[in-house]
Structure formats: structure tokens, C-alpha cells
Amino acid sequence: MSVINVNIPDHLQINDFEIKMIIASRLFEEGKLSSGQAAEIVGLSKRAFLELVGKYGVSVFAYTYEELDEDLKNV
């Protein structure tokens, strides 16, 4: 595993956990990581990661909100 150093301005007030969640959730969303791999990066269980990932704008489903809403209209 690689280690990357990133300088985050102090005024953003983002802690290490949030940075890891942002990166892991984005890579999960893009399909580059499984939920288990993303959870491992953050240091959470798979279940805990899946419960939190929505707070970072990532759906655990393959649908966006708009796609799901449109599909439900067609039922």
C-alpha cells in the first residue's frame, strides 16, 4: 500500500478520518474499490462503511437518486 502526504489547509477543519472517507467513498463510487476494500482503507467494518458512505454523497446502489425516481415513476 502506498502512503501519500497531502497538505490540507487548517481552515478546512477536516480530520484524517474524513479525508480517508472522502477518498475511499469516491473510489468505491467509481468501482475502483469494493466496499470491503474501501472499508479497510478507512479502518471500518464493511457494514459501518456502507452505513456512512451515504453521508459522502455515494449510493450503495447502482442508481442515482434521479434515476431511481424516474424508474419509480414508470412503475
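Look a little higher up for the structure.
Note that the structure is a prediction, hence the values are computed from the model and not measured. (Residues numbered from 1 in each chain as written. Predicted model: local features only at pLDDT ≥ 70, side-chain atom pairs only at ≥ 80, totals over all residues. Heavy atoms only, no water.)

## Here's the deal with unusual backbone geometry
Cut-off, in case you're wondering: Helix and strand assignments follow DSSP, with helices taken as H or I runs no shorter than four residues and strands as E runs no shorter than two, numbered in order from the N terminus.
Despite not being glycine, Gln-13 shows a phi value in the positive range, around 50 degrees. You can see Gln-13 is positioned in the segment before α1 (16-29).

## As for a nonpolar patch on the surface
Applicable threshold: To count toward a patch, a residue needs a relative accessible area over 30% and no salt bridge; like charges are then connected within 9 Å, while nonpolar side chains (Val, Leu, Ile, Met, Phe, Trp, Tyr) are connected within 5 Å. Method for areas: the Shrake-Rupley scheme with a 1.4 Å probe, in which residue coverage is limited to the protein chains shown. A pair is scored as a salt bridge if a Lys or Arg side-chain nitrogen falls within 4 Å of a carboxyl oxygen belonging to Asp or Glu. A 1.4 Å probe rolled over the protein chains alone gives each residue an accessible area, and that area as a share of the maximum for its type sets the label: buried under 20%, exposed over 50%, partly exposed in between.
A cluster of nonpolar side chains, contributed by Ile-4, Val-6, Ile-8, Leu-12, Ile-14, Ile-22 and Ile-23, occupies part of the molecular surface with about 620 Å² of accessible area. Structurally, Ile-23 can be placed in helix α1. Residue classification places Ile-23 among the partly exposed residues on the basis of a relative accessible area of 45%.

## Some remarks on the environment of Gly-54
For Gly-54, the location among the structural elements is in the loop between α3 (46-52) and α4 (65-73). C-alpha separation for the pair Gly-54 and Asp-10, spaced 44 residues apart in sequence, amounts to 25 Å.

## Some details on the packing of α1 against helix α2 (residues 35-42)
For any two helices packed against each other, one specifies the crossing angle of their axes together with the interaxial distance. Selection criterion: An axis is simply a line fitted to the C-alpha atoms; with a helix, the fit covers only the stretch in contact. Between two such axes, the angle follows the N-to-C directions and lies from 0 to 180 degrees. Should an angle fall under 35 degrees it is called roughly parallel, over 145 degrees roughly antiparallel, and 65 to 115 degrees roughly perpendicular, with every other angle called oblique. Each crossing is labelled by how the near helix is turned from the far one, with a counterclockwise turn of less than a right angle marking it left-handed and a clockwise turn marking it right-handed. We call two residues in contact whenever any of their non-hydrogen atoms come within 4.5 Å of each other. Amino acids are sorted into nonpolar (Ala, Val, Leu, Ile, Met, Phe, Trp, Tyr, Cys and Pro), charged (Asp, Glu, Lys and Arg) and polar (every other residue, Gly among them).
In contact at an axis separation of 9 Å, α1 and α2 are set at 165 degrees when each is read in the N-to-C sense. One way to sum up the angle between α1 and α2 is to call them roughly antiparallel. As for the relative orientation of α1 and α2, their crossing is right-handed in sense. Contacts between α1 and α2 involve Phe-17, Lys-20, Met-21, Ala-24 and Phe-28 on the former and, on the latter, Ser-35, Ala-38, Ile-41 and Val-42. Each residue belonging to the contact of α1 with α2 can be placed in one class, and the counts come to seven nonpolar, one polar and one charged.

## A closer look at the environment of Glu-40
Along the chain, the position of Glu-40 falls in helix α2. Residue classification places Glu-40 among the exposed residues on the basis of a relative accessible area of 60%. Separated by 35 residues in the primary sequence, Glu-40 and Asn-5 place their C-alpha atoms 19 Å from one another.

## A short note on the nonpolar core
Selection criterion: In plain words, nonpolar cores are sets of buried Ala, Val, Leu, Ile, Met, Phe, Trp, Tyr and Cys residues tied together by side-chain atoms within 4.5 Å.
Counting residues in each nonpolar core, the largest one holds ten residues, listed as Met-21, Ala-24, Phe-28, Leu-33, Ala-38, Ala-39, Val-42, Phe-49, Val-53 and Val-58. Elements with a minimum of two residues in this core: α1 and α2. In contact with Val-42, not counting residues within four places along its chain, are Phe-17, Lys-20, Met-21, Ala-24 and Phe-49.

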